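# Architecture and fold: a report
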Amino acid sequence: NGGGMNGSSTMMDFLEEPLPGVGTYEDFNTIDWVREKSRDRDRHREITSRSKESTWALIHSVSDAFSGWLLMLLIGLLAGSLAGLIDISAHWMTDLKEGVCLAGFWFNHEHCCWKSNTTFTDRDKCPEWKSWSQLILGYGEGAFAYILNYFMYVSWALLFSLLAVLLVKGFAPYACGSGIPEIKTILSGFIIRGYLGKWTLIIKTITLVLAVSSGLSLGKEGPLVHVACCCGNILCHLFTKYRKNEAKRREVLSAAAAAGVSVAFGAPIGGVLFSLEEVSYYFPLKTLWRSFFAALVAAFTLRSINPFGNSRLVLFYVEFHMPWHLLELVPFILLGIFGGLWGAFFIRSNIAWCRRRKTTKLGKYPVLEVFVVTAITAVLAFPNEYTRMSTSELISELFNDCGILDSSKLCEYVNDFNSTKGDDLPDRAAGPGVYTAMWQLALALIMKVFITIFTFGMKV
């Protein structure tokens, strides 16, 4: 028996401290799943056997079992905090392109006007918020004021995008793109050193704010998954069990991906399903529950920060007050057909453009490409108020229900209160603002369709 114990201890030491070149992985190689799981199984067996020898060993065994849940808690807290910081910063910098708050430059347009004494209909024209023409020229009306606001909008957009691409190129080349394809590759067992490191996390967080604020036709949802996985990978180094085992680390990264989707869309369950169905290669049952826990903590943290000021996880949400009618299925069917056709068109066009970027000199000048695409986007976006605002604000504008005091063009209906009978609200005719909004939305759709093709795949 003594000889058997010594043999087991020798084998355990070999598994814990591998020889040079044995058990370690070079960059762009695949891990040995069988060996990693065997190491973890032997490590767990050793801890369990030692827990019967002393109280300290028992405490170590309990802490080892609890470390996974503690790691999920830390990932959720960090991912939710970073998502809140990104949302608040992007909202402020997007409004900075149009003006500044005199009460405090760190306030965005909405927060700046919260304490204003203006009426509800003029809430967006509070005296505390000044457009660039009002700040520089002293007035905000007229052709010259419009040209100055136009120039400042384009200048800020170019500055944000150039800062983003220069930071990515100079400090963290892995921070470009959404990161989801590479994360799927890593979770399948592939090694990409530095892709989930601290520099990638820092630069990704900063450049994500800059890229979204510049007005480029892209979103922060995909990159938030990359940010959350960076958090998970960095926090793994606090626990020996996950630092020394690549298979165990990938369980953590699966849970981090779920937390990323949770803060991106405000959907913890959706995050777990995304991680289970889309990105994960190895997903045991315990990872399912830990992923859900991490997603819940991340969502709760983001809601506690309340970046949008509406006590919700996202800027836009849906509330149903009336039952739907069978006839309403027709526009939903048409919307689904359009979505499928647009998706196929976008994928084919974007692949063709990315292939052309690789095979021509265009790929050698990523900074120039970002500069040109940003300039074209900003020049086309400013005249149309629906392309001038951020994508999240645009979707929120489309989702909101129309109230009687709502000042949106989409809610500009003809009010005829004399025709009201009882508690029934009569059908109202569309006013001129609705028709103007329809034309502007149609132009915004056309612009977004084509500019998105050239935006995705840039080094930002």
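For the structure itself, look to the data block above.
This is a predicted model, so every value here is computed, not measured.

### Quick look at the overall build of the chain
Secondary structure summary: the chain contains 18 helices and two strands in total. Of all 460 residues assigned to the chain, the portion counted as buried reaches 43%. Taking as baseline every contact in the chain between residues at least 6 positions apart, the subset at least 24 positions apart corresponds to 72%. As displayed, the chain offers around 25,600 Å² of accessible surface, 66% of which is attributable to carbon and sulfur atoms.

### Observations regarding the pattern of salt bridges
Where charged atoms of side chains with opposite charge meet at close range, the side chains can pair. All told, the structure shown has eleven salt bridges when counted by the stated rule. Residues Arg357 and Glu369 are paired through a salt bridge, measuring 2.8 Å at the closest nitrogen-oxygen approach. Taken together, the residues span a long stretch of sequence, with Arg357 in helix H14 (residues 329–359) and Glu369 in helix H15 (residues 366–381) at a distance of twelve residues. Each member of the pair, Arg357 as well as Glu369, carries the same accessibility label: buried.

### Regarding helix H3 (residues 55–96)
A rise of 1.5 Å per residue sets the reference length of H3, with its 42 residues, at 62 Å; its end C-alpha atoms lie 59 Å apart and thus fit the reference within 8%. Maximum bend of H3: about 40°, positioned at Ser67. Taking the backbone nitrogen of Ala57 as reference, a side-chain oxygen 3.2 Å away marks Ser54 as the first, capping residue of H3.

### Side note on a nonpolar patch on the surface
Taken together, the side chains of Trp324, Leu326, Leu327, Leu329, Val330, Ile333, Leu334, Ile337 and Leu341 define a hydrophobic patch exposed on the protein surface, amounting to about 1,000 Å² of accessible area. Summarising the element assignment, Leu329 is placed in helix H14. Judged by relative accessible area, Leu329 falls into the partly exposed class, the value being 38%.

### Some remarks on the state of the cysteines
When the sulfur atoms of two cysteines share a covalent bond, that bond is a disulfide. Under the criterion given, the structure shown has two disulfides. One disulfide in the model links Cys101 with Cys112; its S-S distance is 2.1 Å. On the S-S bond that ties Cys101 to Cys112, the torsion sits near 80°, and the link is right-handed. With Cys101 in strand S1 (residues 99–101) and Cys112 in helix H4 (residues 109–112), the pair connects residues that are eleven residues apart, well separated along the chain. Residue classification places Cys101 among the buried residues on the basis of a relative accessible area of 3%.

### Remarks on the nonpolar core
Leu71, Cys229 and Val460 are the most contacted members of the largest nonpolar core, which has 60 residues in total. Put simply, the parts of the chain that give this core at least two residues each are H3, helix H6 (143–171), helix H7 (180–187), helix H8 (198–213), helix H9 (221–236), helix H11 (246–265), helix H13 (285–305) and H15. Contact partners of Leu71, with chain neighbours within four places excluded, come to Leu235, Cys236, Phe239, Tyr242 and Val252. Counting residues in each nonpolar core, the second largest holds ten residues, with Tyr153, Ala157, Leu158 and Met447 among its members.

### Examining the environment of Arg388
Position of Arg388 relative to the elements: it lies in helix H16 (residues 385–388). A sequence separation of ten residues divides Arg388 from Ala378, and the C-alpha atoms of the two residues are 7.9 Å apart. With residues up to four places along the chain from it excluded, the contact list for Arg388 reads Glu98, Tyr153, Ala381, Phe382 and Pro383. A polar atom in the side chain of Arg388 sits 2.8 Å from the backbone oxygen of Phe382.

### Some remarks on the packing of aromatic side chains
If you walk through the whole model with that rule in mind, you get 20 aromatic pairs. Judged by centre distance (5.6 Å) and plane angle (40°), the rings of Trp156 and Phe160 are tilted. With Trp156 and Phe160 both in helix H6 and four residues apart, this pair spans about one turn of that helix. An aromatic cluster is defined as three or more aromatic residues linked by ring pairs; in this entry it consists of Trp342, Phe345, Phe346, Phe450 and Phe456. For Arg388, the ring lying beneath its charged end belongs to Phe382, and the centroid distance is 4.6 Å.

Thresholds, definitions, all that
Residues numbered from 1 in each chain as written. Predicted model: local features only at pLDDT ≥ 70, side-chain atom pairs only at ≥ 80, totals over all residues. Heavy atoms only, no water. Helix = DSSP H or I, 4+ residues; strand = E, 2+ residues; numbered from the N terminus. Buried < 20%, exposed > 50% of the residue type's maximum accessible area, 1.4 Å probe, protein only. Contact = heavy atoms within 4.5 Å. Areas by Shrake-Rupley, 256 points an atom, 1.4 Å probe, with all protein chains shown as cover. Salt bridge = Lys/Arg side-chain N within 4 Å of Asp/Glu carboxyl O. Expected span 1.5 Å × (residues − 1). Bend = angle between axes of the 7 residues up to and from the residue. Polar contact = N/O pair within 3.5 Å; in protein donor to acceptor, adjacent residues only side chain to side chain. Patch = residues over 30% accessible without salt bridge, like charges linked within 9 Å, V, L, I, M, F, W, Y side chains within 5 Å. Disulfide = S-S within 2.5 Å. Core = buried A, V, L, I, M, F, W, Y, C linked by side-chain atoms within 4.5 Å. Phe/Tyr/Trp six-rings, centres within 6.5 Å; stacked < 30°, edge-to-face > 60°. Lys NZ or Arg CZ within 6 Å of the ring centre and 35° of its normal.

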